[in-house]
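Chain by chain, the residues run as shown.
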Protein chains: 2
Amino acid sequence: MSDLILHNYFRSSASVRVRAALNLKGLDYSYTPYALLLNEHKSEGYLGLNPQGLVPALEIGKKAVLTQSMAIIEYLDEAYPKPPLMPSTALERARVRSLAQITGCDIHPVNNLRILRFISDEYGVREDGKAAWFRHWAATGFMALETRLALEPETGEFCHGAAPGLADIHLYAQVLNNARFNVDPAPYPTIMRIFEACDALSAFQDARPENQPDAY
Amino acid sequence: MSDLILHNYFRSSASVRVRAALNLKGLDYSYTPYALLLNEHKSEGYLGLNPQGLVPALEIGKKAVLTQSMAIIEYLDEAYPKPPLMPSTALERARVRSLAQITGCDIHPVNNLRILRFISDEYGVREDGKAAWFRHWAATGFMALETRLALEPETGEFCHGAAPGLADIHLYAQVLNNARFNVDPAPYPTIMRIFEACDALSAFQDARPENQPDAY
């Protein structure tokens, strides 16, 4: 019985990230699902764990409840150093964090369920308009990410060198998310090459939405 | 002559953060302004530095250009350890990062200039509607941040203990930003107490928009 409990949702992009990190570290964890479409993440019980009412949250024994996927992944990397998800120098870590944050700050939070619900409820934006919103911000961020990955010499088989890490985890989850909204992958050959390298690994495969117990 | 060049904009919230971090570290830097309202951050020259076309970016001598404010601040903390902007244990760092990311991921990127422009251009949302959008996401995030800061025993004079760090920097910049859109501060007494503690320090004062050379 693991002392790690992941509170999450199969389709949540931030949940994919944390599952991939746990898998890359070879960590066992218990899986507690929340049906976002039924607002289970807004229940009193879950708000007691995470007042922000967003998934994922990672419960660590009786010690702590961690929230925010980037913070959780950095914690896992510090607490379980092998294999590393971050490079060894401060400048390299800055590069990897900034690549991850293109998705983690500037694509995903702008495109998640609560925002799409809001533009529908408040501005009457319909399904095709919500998809257009998603694609606009995904393309804006991915164009910058593609440019950087294609130009910067530190890019290797993965975003930074020959092993997957924080930036790859973010890239992978976002590519899966993009597919749901029919974002054309053609302009992003470097991103898609790295996605395929990740997708060949069981740690990433096992983090995919369709491989979770609450998938339908 | 410093080898640090900050590419930024006086009013940008992410720029406030990096200026506060540089000031807390006592680092000298050159200030290069970009008038966002004139789209100077979308110029060919700046896109060569940062393909994402967002401020801030921190140029480090001939070595590197760092982007994404959270990544820049973590770099500064690693490269210039005194005074620390992060606590000493992995669990504490996870707490501080998650507090910062409430603002850095879930409030600010949803509320920044490009999003407000988009809902105006695409959905015809007017000035009062843009302010309502801003206040909605600021309040949603700040309610969670207030709850956590008020309940969690690690909160001290600052977000984590007795010295300012990554979470305070994010809190400070967002409170300044909220004031521009008339977000009522009354529901956030803990946040405002910490804001005042930051605002009493010259490192934060000197990072304020109105104290920059491009302010008008």
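Residues numbered from 1 in each chain as written. Chains lettered and ligands numbered in written order. Predicted model: local features only at pLDDT ≥ 70, side-chain atom pairs only at ≥ 80, totals over all residues. Heavy atoms only, no water.

### Considerations on the overall build of chain A
Scanning chain A from N- to C-terminus turns up ten helices and four strands. For chain A, the sequential pattern of α-helices and β-strands runs β-α-β-α-β-β-α-α-α-α-α-α-α-α. Taken against the 2.2 N^0.38 rule, which gives 17 Å for 216 residues, the C-alpha radius of gyration of chain A at 17 Å falls within 12% of a compact globule. A principal-axis box enclosing the C-alpha atoms of chain A has dimensions of 50 × 45 × 30 Å. Within chain A, the proportion of its 216 residues that are buried is 59%. Put simply, of all contacts in chain A between residues at least 6 apart along the chain, 68% involve residues at least 24 apart. (Helix = DSSP H or I, 4+ residues; strand = E, 2+ residues; numbered from the N terminus. Rg over C-alpha atoms; globule rule 2.2 N^0.38 Å. Buried < 20%, exposed > 50% of the residue type's maximum accessible area, 1.4 Å probe, protein only. Contact = heavy atoms within 4.5 Å.)

### Comments concerning the domain arrangement of chain A
Residue and element names in this part refer to chain A. Annotation of chain A at the domain level lists domain 1 (4-83) and domain 2 (90-203). Just the C-alpha atoms count here: the centres of domain 1 and domain 2 sit 20 Å apart. Contacts between domain 1 and domain 2 engage 16 residues on the former and 20 residues on the latter. Regarding the contact of domain 1 and domain 2, the summed buried area is about 1600 Å², with carbon and sulfur atoms giving 66% of it. When the buried surface of domain 1 facing domain 2 is broken down by residue, Arg-17, Leu-24 and Met-70 rank first, second and third, together holding 37% of it. One can count one salt bridge joining domain 1 with domain 2. Salt-bridge contacts for Arg-97 lead to Glu-74; the nearest nitrogen and oxygen are separated by 2.6 Å. Counting the contacts that link domain 1 with domain 2 gives three residue pairs in polar contact (both at pLDDT 80 or more). In terms of residues, the side of domain 1 that touches domain 2 owes the most to one element, helix 1 (residues 13-24), which gives eight residues. Here the residues of the side of domain 1 that touches domain 2 sort into ten nonpolar, three polar and three charged. (Domains from an automatic or database assignment. Buried area = accessible area lost by both parts, 1.4 Å probe. Salt bridge = Lys/Arg side-chain N within 4 Å of Asp/Glu carboxyl O. Polar contact = N/O pair within 3.5 Å; in protein donor to acceptor, adjacent residues only side chain to side chain. Nonpolar A, V, L, I, M, F, W, Y, C, P; charged D, E, K, R; others polar.)

### A few points about the relation of the copies chain A and chain B
Between chain A and chain B, the superposition needs a rotation of 180° and an axial shift of 0.0 Å, giving an RMSD of 0.0 Å. The two molecules are tied by a two-fold rotation axis, judged by turn and shift. The position closest to the rotation axis in chain A is occupied by the C-alpha of A:Cys105, lying 2.3 Å away. (Least-squares fit on C-alpha atoms with pLDDT ≥ 70 in both.)

### So, a nonpolar patch on the surface
A grouping of A:Leu37, A:Leu113 and A:Tyr216 is seen on the molecular surface, where their side chains present a nonpolar patch of about 330 Å² in accessible area. Positionally, A:Leu113 belongs in helix 6 (residues 113-123). (Patch = residues over 30% accessible without salt bridge, like charges linked within 9 Å, V, L, I, M, F, W, Y side chains within 5 Å. Areas by Shrake-Rupley, 256 points an atom, 1.4 Å probe, with all protein chains shown as cover.)

### Thoughts on empty space enclosed by the protein
Taken as a whole and judged by the stated rule, the model has one cavity of 30 Å³ or more. Empty space within the largest cavity amounts to approximately 60 Å³. Where the lining of the largest cavity is concerned, the elements lending two or more residues are helix 3 (69-79) and helix 4 (90-104) of chain A together with helix 3 (69-79) and helix 4 (90-104) of chain B. When its residues are assigned to classes, the lining of the largest cavity shows three nonpolar, two polar and four charged. (1 Å grid on protein atoms, 1.4 Å probe; cavity = no way out; pocket = protein on both sides within 12 Å on 5 of 7 lines; lining within 4 Å. Points joined across faces, edges and corners; volume = space filled by probe spheres on them.)

### Overview of the packing of aromatic side chains
Summed over all chains, the structure comprises 26 aromatic pairs over all chains. Ring geometry for A:Tyr9 and A:Phe10: centres 4.9 Å apart, planes at 65°, overall edge-to-face. Pair check on accessibility: A:Tyr9 and A:Phe10 agree, each one buried. Feature note: the residues A:Phe118, A:Tyr123, A:Trp133, A:Trp137, B:Phe118, B:Tyr123, B:Trp133 and B:Trp137 constitute an aromatic cluster, connected by ring pairs. (Phe/Tyr/Trp six-rings, centres within 6.5 Å; stacked < 30°, edge-to-face > 60°.)

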